[in-house]
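Notes for the structure review
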Amino acid sequence: MPNVVVVGAQWGDEGKGKIVDLLTEHAQCVVRFQGGNNAGHTLVVGGQKTVLHLIPSGVLHPGKTCVIGNGTVIDPTVLMKEIDGLRSRGFLQDSSQLMISEHAHVICAWHKHLDLLREKSRGGSAIGTTGRGIGPAYEDKVARRGIRVRDILDGDRLRKRVKERLPDVLEELTRLARAAKADEPLLDVEAIVQELLVLGSRLKEFVGDASLFLAEQVRKGTRILFEGAQGTLLDVDHGTYPFVTSSNTVAGNAAVGSGLGPTVIDRVLGITKAYTTRVGGGPFPTELTDATGERLRKVGDEFGATTGRPRRCGWLDTVVLRYAARVNGLWGLALTKMDVLSGLETLKVCTAYELDGKKLTELPCDLEDFMRVQPVYEDLPGWEQKLAGARTFDDLPAAAQRYVRRIEELVSVPVTCVSVGAERGETMVLQNPFRS
């Protein structure tokens, strides 16, 4: 049976958690392979809303194993709070339902201070980071000075690592605080060590060799669902750099971030809203700053699950989707929030860009060029009907069906799921990626 990767095909917030939750029924193991608690995956099951930041979105299904891979960066305070919250509701009663890679890196107190002060010092050129310490933690990882999950299980090792890192951190924090005219953070080696050791002792029951565990699952023929965070256009290599996250969000990183070879991946499902949103700075050709954009934000409840920030909203951009299809090798598209478009008389779809009098059908490589492009739109008829009751493709109004089919034509990727509401049951699966 296939192993499937779920990735965001836009700038994040596409509804990946909802689709992962839906597809977990057909998998035995769900793996989160990158990012940190800058992600917010929202699930609505039986009218109850669950927001997950680190634990894979399959956790609400009994009998499934969730794995947090080595490619993630983990804030142990946030993770423990998430575990406690789920256990209070009857989930994760068996510790074997969750495995945390001992090689995953840990977000420490100084990472969050660095993140916030660096962003503040940028002023008008701020990137729009969530301030959760994600970037500085990945920076320490690449610089080979990071602290990993296995380190917070050993007091002597942890103390040595913190002592080695803290002097340089304090120097930078002092400089940043003065430049930003902010208070200098107070950091103490022993206080940091003790806090992390307490959290490590609580997390210890979940920690293990995730790569080895997953390799064993592959040998057994277990169906594995890989869950990414953020979106393709936020990938540190393939996104709108520097307005990106600090990890690789594309499908290829599912192998690296989980400790498996790329040959175990069979299909890649890209998630896209029926329109486009993004949070923070950076180019957004189809952004709407008018009443229609405000309507999309209000009806779509477009506010960040992690930060609460209002999302920028605009028409669907199929140039972006074609790019996502190329760099991820998309097998199919899951189209979410179709219901938000109900009531709009005319829908616009971006099919190309115009730059200096030339038509572009692909994303420009140069960020400055991307900031200057103008969208080329195609108008499609809208529909008045509410879509919440639709359970099959034929239940959709003719105009909604045409909208889906036109997206398939423009992106050259089939739409295999259509979501018409927040609830788990309000998604129609036109083609199951776990079936041949």
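Rules of the game
Residues numbered from 1 in each chain as written. Predicted model: local features only at pLDDT ≥ 70, side-chain atom pairs only at ≥ 80, totals over all residues. Heavy atoms only, no water. Helix = DSSP H or I, 4+ residues; strand = E, 2+ residues; numbered from the N terminus. Rg over C-alpha atoms; globule rule 2.2 N^0.38 Å. Buried < 20%, exposed > 50% of the residue type's maximum accessible area, 1.4 Å probe, protein only. Contact = heavy atoms within 4.5 Å. Areas by Shrake-Rupley, 256 points an atom, 1.4 Å probe, with all protein chains shown as cover. Lys, Arg positive; Asp, Glu negative; His and termini not counted. Charge placed at Lys NZ, Arg CZ, Asp CG, Glu CD. Core = buried A, V, L, I, M, F, W, Y, C linked by side-chain atoms within 4.5 Å. 1 Å grid on protein atoms, 1.4 Å probe; cavity = no way out; pocket = protein on both sides within 12 Å on 5 of 7 lines; lining within 4 Å. Points joined across faces, edges and corners; volume = space filled by probe spheres on them. Nonpolar A, V, L, I, M, F, W, Y, C, P; charged D, E, K, R; others polar. Pairing = 2+ DSSP bridges. Axes fitted to C-alpha atoms, helices over the stretch in contact; angles between N-to-C directions. Salt bridge = Lys/Arg side-chain N within 4 Å of Asp/Glu carboxyl O. Polar contact = N/O pair within 3.5 Å; in protein donor to acceptor, adjacent residues only side chain to side chain. Parallel < 35°, antiparallel > 145°, perpendicular 65-115°, else oblique. Left-handed = near helix turned anticlockwise from the far one by under 90°. Phe/Tyr/Trp six-rings, centres within 6.5 Å; stacked < 30°, edge-to-face > 60°.

**Some words on the overall build of the protein**
Of regular secondary structure, the protein possesses twelve helices and 20 strands. Its C-alpha atoms give the protein a radius of gyration of 22 Å, within 12% of the compact-globule value 22 Å for 436 residues. Along the longest, intermediate and shortest principal axes, the C-alpha atoms of the protein span 65 × 50 × 40 Å. Expressed as a percentage of the 436 residues in the protein, the buried residues total 57%. Considering only contacts within the protein whose residues lie at least 6 apart along the sequence, 76% involve residues at least 24 apart. Carbon together with sulfur atoms contributes 49% to the accessible area of the protein, which is approximately 17700 Å² in total. Charge-centre separation for the protein: the mean point of 55 positive side chains lies 2 Å from the mean point of 55 negative side chains.

**Examining the nonpolar core**
Met338 and Tyr403 are the most contacted members of the largest nonpolar core, which totals 57 residues. Broken down by element, this core gets its largest block of residues, seven residues, from helix α12 (residues 398–411). Those residues in contact with tyrosine 403, other than ones at most four positions away along the chain, are Ala274, Leu316, Met338, Leu341, Leu347, Val349, Leu380 and Trp383. Of all hydrophobic cores here, the second largest spans 39 residues; its members include Cys66, Ala104, Leu117 and Leu187.

**Quick notes on the layout of surface pockets**
Approximately 230 Å³ is the volume attributed to the second largest pocket. Forming the boundary of the second largest pocket are 14 residues, of which His238, Gly239, Tyr323, Pro364 and Cys365 lie nearest the centre. Only α10 (318–328) and α11 (367–372) provide two or more residues apiece to the lining of the second largest pocket. Here the lining of the second largest pocket is composed, by residue class, of eight nonpolar, three polar and three charged.

**As for the pairing of strand β2 (residues 29–32)**
One face of the sheet, then the other: side chains in a regular strand alternate in exactly this way. Every second residue of β2 is oriented toward a common face, with Cys29 and Val31 on one face and Val30 and Arg32 on the other, all of them buried. In this sheet, strand β5 (residues 65–68) lies alongside β2 in parallel orientation, the contact comprising four bridges. Across the sheet, the residue bridging to arginine 32 is isoleucine 68, located in β5. Direction of pairing for β2 relative to strand β10 (residues 224–227): parallel, over a ladder of four bridges. Note on β10: the bridge partner recorded for cysteine 29 is isoleucine 224.

**Comments concerning the sheet that holds strand β19 (residues 415–419)**
Strand order in the open sheet formed by ten strands is β9-β7-β5-β2-β10-β1-β11-β15-β19-β20, and the pairing between neighbours is mixed. If you trace the sheet from one side to the other, it starts and ends with β9 (207–208) and β20 (427–429), each paired once. Relative to strand β7 (residues 98–101), β5 runs parallel, the two sharing three bridges. Along β7, the bridge assignment pairs isoleucine 68 with isoleucine 100. Strand contacts of helix α7 (residues 210–220): β2, β5, β7, β9 and β10, with the helix running at about 140° to β5, the strand carrying the most contacts.

**Some words on the pattern of salt bridges**
Tallied over the full model, the rule gives 30 salt bridges. Measuring nitrogen to oxygen at the nearest pair gives 3.0 Å for the salt bridge that ties aspartate 75 to lysine 112. Of this pair, aspartate 75 sits in the loop between β6 (73–74) and α2 (76–88) while lysine 112 sits in helix α3 (residues 109–122); the two residues are 37 residues apart in sequence, bridging distant segments of the chain. By relative accessible area, which is 3% here, aspartate 75 ends up buried. What makes lysine 112 partly exposed here is its relative accessible area of 28%.

**Thoughts on the environment of threonine 277**
In this fold, threonine 277 is placed in strand β12 (residues 276–278). Residue classification places threonine 277 among the buried positions, given a relative accessible area of 1%. Between the alpha carbons of threonine 277 and isoleucine 55 there is a distance of 24 Å; along the sequence they are 222 residues apart. When sequence neighbours within four positions are dropped, the list of residues in contact with threonine 277 reads Trp11, Gly12, Asp13, Phe284, Glu302, Arg311, Arg312 and Cys313. Looking at threonine 277, its side chain comes within polar contact range of the side chain of lysine 273, at 2.9 Å.

**Describing the side chain of threonine 24**
Structurally, threonine 24 is set in the loop between α1 (16–23) and β2. On the basis of relative accessibility, which here comes to 0%, the residue threonine 24 falls in the buried class.

**Side note on empty space enclosed by the protein**
Tallying each qualifying case throughout the model produces one cavity of 30 Å³ or more. Looking at the largest cavity, its volume works out to about 30 Å³. In terms of lining, the largest cavity is formed by Ile74, Pro76, Leu79, Ile100, Val106, Val149, Ile152, Leu203 and Val207.

**Thoughts on the packing of α3 against helix α4 (residues 134–142)**
Close contact between α3 and α4 brings their axes to 7 Å; oriented N to C, the two are set at 120°. As far as their axial angle goes, α4 and α3 are oblique. Crossing geometry of α3 relative to α4 is assigned as right-handed. In contact with Trp110, His111, Leu114, Asp115 and Arg118 of α3, α4 contributes Ile134, Pro136, Ala137, Glu139 and Asp140. Grouping the amino acids of the contact of α3 with α4 by side-chain chemistry returns five nonpolar, one polar and four charged.

**Considerations on the packing of aromatic side chains**
Summed over all chains, the structure comprises three aromatic pairs. Pairing tyrosine 353 with phenylalanine 370 gives two aromatic rings, centres 5.8 Å apart and planes at 45°, and the pair type is tilted. Placement of tyrosine 353 in strand β16 (residues 346–355) and of phenylalanine 370 in helix α11 is noted, with a sequence separation of 17 residues between them. Here tyrosine 353 matches phenylalanine 370 in class, with each residue buried. With a centroid separation of 6.0 Å and an interplanar angle of 65°, the aromatic rings of tryptophan 383 and tyrosine 403 are classed as edge-to-face.

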